[in-house]
There are 2 protein chains.
Amino acid sequence: MVTNFDKKNFIKNFKANCKKIQVKNFIKGETVTTYIEKRNQICIVLSGEVDLIRYDFNGNKTIIGHFVENDIFGEVFYPANTNNELFVTAIKKSEILFFTYDTLFEKCEYECAFHKELINNLSELFIDEIIGLNLRIELLTKRSIREKLLSYFEILSKSSMNKVFTIPYTYTDLADYFSVDRSSLMREIKMLTDEGFIKKEGTKITLLY
Amino acid sequence: MVTNFDKKNFIKNFKANCKKIQVKNFIKGETVTTYIEKRNQICIVLSGEVDLIRYDFNGNKTIIGHFVENDIFGEVFYPANTNNELFVTAIKKSEILFFTYDTLFEKCEYECAFHKELINNLSELFIDEIIGLNLRIELLTKRSIREKLLSYFEILSKSSMNKVFTIPYTYTDLADYFSVDRSSLMREIKMLTDEGFIKKEGTKITLLY
DNA sequence: ATAAAATTGTTGCATTTGCAACAGATTTCA
DNA sequence: TGAAATCTGTTGCAAATGCAACAATTTTAT
């Protein structure tokens, strides 16, 4: 992960009334934004968690993105020609920073530090986002649930430098992240357990190889 | 697509000996770069086409990325902890621009225009990359090959504003892009044809609904 | 504290997909 | 231009996955 900008220090310094950037608070369940118009809006999660949700033509709901602290999201990142209704909902109390990409580089009349720092750090936020998307693609392109799980466990194990680690999702959410049926995911985890590859206590996994 | 920087004009102006950025040429089959060390390297395809290839522990080769003119790629976009051997091969004569993210923002001693313009346009290149990745994820997360195909066709149709369009890949590559078996893809296309949803002549598709 | 909601765990069965294998068509390259 | 390589099209069969359904457990909200 490329260094994240120091959010807390930023907010502390974000005193001037910067018209280019807004910070809003949301309670659980509130709609943060919709991806309907082409405003080139970009958002950053300062705290809390939000889901990007798609309702397809049948009315089926799919969570297609999940964003936590320091994640960046927004309609500017989505291809224009998909006919989906996308919207973002806070799944807990959240603080979200909004700006319009097109006007971000215009000078803020108060020359606010927050605004300047944001521009300086934007590339790193983009890079982090790209890394996250590439990781997910890496997993999505594995041909079987077993391969997805083993690759994912490998990554969690390496980044914690430990054979023991905790999956940062519920199994329901993990199935969504992998885009597979939840019961099939549970079945495969059971098989990995029965075959002695892993030990499982809740979402705490131990690699046995 | 966010506006791409005017590459041709750039190269014309790229006269000064900018040490921060390099342009190299590759013939078909040549290795462009490997993702082994952590140099924070970023590359842009000025012309030609390259593939990002993974060899897994069994020696199986998978094309995990395909980049064409104006696409951006590089080790900086890949999570550090995946134990893959990744490398990039030119699949035709290609001209590639290289730079190191960490040193990009340092001033070039010759203040070359190319260097400056690159910095100015970097955000837009990142955004284009994110859009492309989100599009692929959108398709990869569809649960069946049929859904993948119909969504993809929808997008191609909308962006060409026509019921008739040409798939910009071979079917072999499209199967890779969807991460599905090629013969299964062909079978599904045949079924869509037989059921009267589409008409197919080579990679030229007509939507019949 | 308790009711409601969400998550986990499991199974049988239907469906989809992958795999292997091959022939024919098309493209590439020497 | 002719040989080699790649791509297309197809099929039978095995394996993996999705779907549906339900009970048990855990978490959340009032």
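Higher on the page you've got the structure.
Rules of the game
- Residues numbered from 1 in each chain as written.
- Chains lettered and ligands numbered in written order.
- Predicted model: local features only at pLDDT ≥ 70, side-chain atom pairs only at ≥ 80, totals over all residues.
- Heavy atoms only, no water.
- Contact = heavy atoms within 4.5 Å.
- Buried area = accessible area lost by both parts, 1.4 Å probe.
- Salt bridge = Lys/Arg side-chain N within 4 Å of Asp/Glu carboxyl O.
- Polar contact = N/O pair within 3.5 Å; in protein donor to acceptor, adjacent residues only side chain to side chain.
- Helix = DSSP H or I, 4+ residues; strand = E, 2+ residues; numbered from the N terminus.
- Nonpolar A, V, L, I, M, F, W, Y, C, P; charged D, E, K, R; others polar.
- Buried < 20%, exposed > 50% of the residue type's maximum accessible area, 1.4 Å probe, protein only.
- Near = heavy atom within 4 Å.

Things to note about the interface of chain B and chain A
So, point 1. Opposite the 38 residues of chain B that make contact, chain A presents 38 residues.
So, point 2. At the boundary of chain B with chain A, total buried surface from both sides reaches about 3700 Å², with 60% on carbon and sulfur atoms.
So, point 3. Counting every contact that joins chain B to chain A gives 2 salt bridges.
So, point 4. Its salt-bridge partner being Glu-138 of chain A, residue Arg-54 of chain B comes within 2.8 Å of it at the nearest N-O pair.
So, point 5. Our count for the chain B to chain A interface comes out at 10 residue pairs in polar contact (both at pLDDT 80 or more).
So, point 6. For the side of chain B that touches chain A, the secondary-structure elements that each account for two or more residues are helix H3 (113-140) and helix H4 (145-160) of chain B.
So, point 7. When residues in the side of chain B that touches chain A are grouped by element, the largest group, 15 residues, is from H3 of chain B.
So, point 8. For the side of chain B that touches chain A, the residue count by class is 18 nonpolar, 9 polar and 11 charged.

Overview of the pattern of salt bridges
So, point 1. For the coordinates displayed, the defined rule picks out 13 salt bridges over all chains.
So, point 2. Glu-188 of chain A is the salt-bridge partner of Arg-146 of chain A, the closest N and O atoms lying 2.8 Å from each other. Here Arg-146 of chain A, found in helix H4 (residues 145-160), pairs with Glu-188 of chain A, found in helix H6 (residues 182-194); they are 42 residues apart in sequence, far enough to count as distant.
So, point 3. Classification of Glu-188 of chain A as buried rests on a relative accessible area of 15%.
So, point 4. Each of the salt bridges in this network shares a partner with another, and the network as a whole consists of Arg-54 of chain A together with Glu-138 and Lys-142 of chain B.

Describing the protein's contact with DNA strand D
So, point 1. Lining the immediate environment of DNA strand D, one finds 19 residues, of which Lys-28, Ser-144, Ile-145 and Asp-181 of chain A together with Lys-200 of chain B sit closest.
So, point 2. Counted by atom, the contact set of DNA strand D within 4 Å of the protein is 54% sugar and phosphate.
So, point 3. Contacts to DNA strand D include Asp-181 of chain A, whose backbone N or O atom sits 2.9 Å from a phosphate oxygen.
So, point 4. Between DNA strand D and Arg-187 of chain B, the relevant distance is 3.5 Å, taken from a base oxygen to a side-chain nitrogen or oxygen of the residue.
So, point 5. Among the secondary structure elements, those contributing two or more residues to the surface near DNA strand D are H6 of chain A together with helix H5 (171-178) and helix H6 (182-194) of chain B.
So, point 6. Among the elements that make up the surface near DNA strand D, the one with the highest residue count is H6 of chain B (5 residues).
So, point 7. Looking at the surface near DNA strand D residue by residue, the class counts come to 4 nonpolar, 6 polar and 9 charged.

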